Structures are given as C-alpha cells and as structure tokens.
Amino acid sequence: MRFDYRLALIACVSACAPMLPPPPVSATGWTTPGLPEPERPQPTPTPAAPPQVDAAGFEGWKQGFLSRKGGERRALYEQQLADLTPDPDVIRLDGSQPEFSRPAGAYISNAASAVRIAEARRRIDAVPWGVPQRFGVPAEILVSIWGNESSFGQVQGDKDVIRSLATLAFDGRRRDWAEDQLKNALDIVVDGRRERSGLLGSWAGAMGQTQFMPDNYLRLGVDQNSDGHVDIWGSDADALASAANLLAEAGWKRGQAWGYEITLPAGFDYALAEADGRPWSFWAQRGVAIARGGAPSADEAAENGVILLPQGARGPAFLALPNHYVIRRYNNSVSYALAIGLTADGIAGRPGLVGTWPDDGPISREQRFGAQTALARAGYDPGAIDGVVGSGTRRALKQWQIAHGRIPDGYLTAALADELMRGM
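Notes on the structure in this doc start here. Just so you know, these numbers come straight off a predicted model, no measurement behind them.

### Topic: the pattern of salt bridges
So, point 1. If you walk through the whole model with that rule in mind, you get 20 salt bridges.
So, point 2. Here Asp-87 ties to Lys-159 by a salt bridge, and the two come within 2.8 Å at their closest N and O atoms. Residue Asp-87 is located in the loop between helix H3 (74-81) and helix H4 (88-93), and its partner Lys-159 is located in strand E1 (residues 159-160); the two are separated by 72 residues in the primary sequence.
So, point 3. Two residues, Lys-159 and Asp-89, come together in a salt bridge whose shortest N-O distance is 4.0 Å. Placement of Lys-159 in strand E1 and of Asp-89 in helix H4 is noted, with a sequence separation of 70 residues between them.
So, point 4. Under the relative-accessibility criterion, Asp-89 is labelled partly exposed at 32%.
So, point 5. Three or more residues joined by partner-sharing salt bridges are found here, namely Asp-87, Asp-89, Arg-92, Lys-159 and Arg-163.

### Some thoughts on the sheet that holds strand E6 (residues 317-320)
So, point 1. Overall, antiparallel pairing links the four strands, which are arranged E4-E3-E6-E5 in an open sheet. Looking at strand neighbours, the two that pair on one side only are strand E4 (289-290) and strand E5 (306-308), the edges of this open sheet.
So, point 2. Across four bridges, the pairing between strand E3 (residues 259-263) and E6 is antiparallel. Looking across to E6, one finds that Glu-261 is bridged to Phe-318.

### Some details on the packing of helix H8 (residues 139-150) against helix H12 (residues 236-249)
So, point 1. Running from N to C, H8 and H12 point in directions that differ by 115°, and their axes come no closer than 10 Å. Taken together, H8 and H12 sit at an angle that is classed as roughly perpendicular. Two packed elements cross with a definite hand, and for H8 against H12 that hand is right-handed. Across the interface between the two elements, Ile-141, Leu-142, Ile-145 and Trp-146 of H8 pack against Asp-236, Leu-240, Ala-243, Ala-244 and Leu-247 of H12.
So, point 2. A per-class count over the contact of H8 with H12 returns eight nonpolar, no polar and one charged.

Conventions adopted
- Residues numbered from 1 in each chain as written.
- Predicted model: local features only at pLDDT ≥ 70, side-chain atom pairs only at ≥ 80, totals over all residues.
- Heavy atoms only, no water.
- Salt bridge = Lys/Arg side-chain N within 4 Å of Asp/Glu carboxyl O.
- Helix = DSSP H or I, 4+ residues; strand = E, 2+ residues; numbered from the N terminus.
- Buried < 20%, exposed > 50% of the residue type's maximum accessible area, 1.4 Å probe, protein only.
- Pairing = 2+ DSSP bridges.
- Axes fitted to C-alpha atoms, helices over the stretch in contact; angles between N-to-C directions.
- Parallel < 35°, antiparallel > 145°, perpendicular 65-115°, else oblique.
- Left-handed = near helix turned anticlockwise from the far one by under 90°.
- Contact = heavy atoms within 4.5 Å.
- Nonpolar A, V, L, I, M, F, W, Y, C, P; charged D, E, K, R; others polar.

Okay, structure coming up:
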C-alpha cells in the first residue's frame, strides 16, 4: 500500500515555524506513521479550551502597530488589517513546540524515520542540478529540510500569515520579532509579490514548501525557474534554491559534514559537553572516537567541534561541526538540526546510529518552568524562565549536577525536574 503523506501529516504544519533568528523557537515536530518500532501508546489528552482573546485590547495593539510600523504605508497596512481578529489556535500552539518538550530520541526517530528517508531518496532529483554547485549545500540536506518542513510540499499550512503574525505580536511573548515579520508580510502583499489569499502558512507565519518567514522570503528568496516570481509555494525549484541560499548566507561550509555520531570513553568528563568547541585532536586525545570508525576530514578536524548529548549520558553522543549550527539558523533546536543531518545521512546511504535512545517520557510545560525557576532560586542562572530547555538551562543544570555529585550531562528528565521543584 502506498504511504499517503497528505493524510498522515495533515497536522504537521500546525507546529512548523522555521528560520527564526536565535533565540527563536519554531517547530515541525510531527509524527510519521510507519516506523518499524512504533512509540509506546500514550493516553489521549483532553483538548485544552481555546485561550480567551481580548478584542478591545487587540484593536488597541493594532493602532499602536500602525503608529510604530506604518509610516507612509499606514493606510495600505490598515486596509489589510481591517476586521482582523486574533487567532486563539496560534496562542495555544505557541506554547507547545515539540522539539523543546519531547525527548530528543522520540522527536528524531520520527523526523528521521526510514519512511521519510525512503521518500526523500525518491525526491532527490527535484533539486535543480545547479543549486548545490551554486550554493555549496548538498542536495540531501535540502531534501531533508523539504521533507521535514512540508512533507515535500504537500502540507504547507492553511493559516492566514498576516493574522497569525498579528496574533503573535498582540500576545506579546515575541512582540518585536512578530511585528517586524508582520510588516514584511504586509509588504509582500502591498508590493504585489503575492495575493493576500495565497499568503498562507503555519501558525507562526512560516510559508511555502520550505517554510520561510516573511523577512527571509524578501531577502533570500530565489527565482530559480526564472519566471519573474519567487514562488516558494508552487515551485519546487524556487523553494529548494531559496533554502540553499538561506543556508549559504548563514555560513554553510562546502564539503564538510554537519557532524558525526561519536563514542565516549569510560570516565569521560561530561562537563566538557556542550561547552567550548575544540579541534578533533583535543577530543581524540581524550578517547573520543567516530562511532562507525574513521576520522573527520582535514578541514573538519581543524574546526571547533562541540560534543552534544541530546538525551544525556545514556543516549547517543554527537560531534557537532559548524554546519550543524547553520541548520539551527533554520530552526534553533538541537533535535531539529540532528534530525535534518541524520535524515540527510540516510538519503546518502550512510548507516544509522550505533547508540540507542533512552525511553524517557516527555516533560510537561509546568515541569520545564518549575525546573528553570528552581535552578534560578538555587543560584544557577538558566537565563529566561520561558519553559524552553535551551543552552542556558542545560548550562545551569550542569552546574547544579556538579555541585550535587551527579553526572554533569545537562539533561533534564521529568524525574529530575520534579526533584528540583521539591527542593524549592
């Protein structure tokens, strides 16, 4: 039976929002059916009630936005914003991005599944021949992004981008960023680059087959088929070339890998993980090895590689090279970038992981906020108390683990979050 991505992945774009500048959060994070070993069934949660929205407050924000951003185009912007109301779904989805709440192994196993890799191999010829040569980004990386962002163009999102961005700006968590993106989206319509009815995308305003934010569409969109329009919605060539341009502008290093799975020796100092990058000679002297043998190329060995432990000392370990961090300019998530890299490796015929992922459960929003609050109260600065377990939280947790005689891998489990909160 032929696998139907459109039906299976119709929910994926509700969580897509790539290409946010650090520290943006966005997500694909959908589940691919057809895994050889399905995840353990979970209870079906009761749907949350839609958040209440303040219509009068929204109108006040709108007038403020027009004063701040309208300038000479105020009347044109006001016409596009007329009768607009905030979208409660956008507010709800903004707090539930799966790359930051699900264990890395569960997310990556779904996003880099055998089914996804097989379909991507069948799509590789859609990458125009000249694009990898022009931008230096391998076709495997581009097809991996294409598959993860929109199921190869089949699920691009059907939300009004202008309404979504206006809702995010009004909600206020990322107001400055959202207002800038909203202005760019309005300019796309006002300048005639895309009809308003066709300016559709994810809940976070990401658009097209490779889920570009409006600013990146304006700056980095490529008319690869030379028809006079940058059509990342309908043209595979334009979408893939635009993604390659974004990665190239972000500093993609030609001829280098994104990274490697590695093995760590007994007694390894886990405090060195996710710290300052070091050349390969430093890691090799401490017993670090490429999991499937061999060594990085001379150019890769000279780079400052960072050891990542996305699921702690019990899970697979990776040496992240600069191209890993370029992928994170697309979506600032360790899990997302690893999924893209591992999918690309599979497309190229490289074998899968040697290590296995621990069967850890998800961490609730309350546990993430609680753990950050507990760390801050104990004198370990996690940065923003935002429920996102990013580098600041992991760094603070490592300091706590060292002080309490634990393995300092910076990995937060649900059980450890509960322990931290009990100590408040």
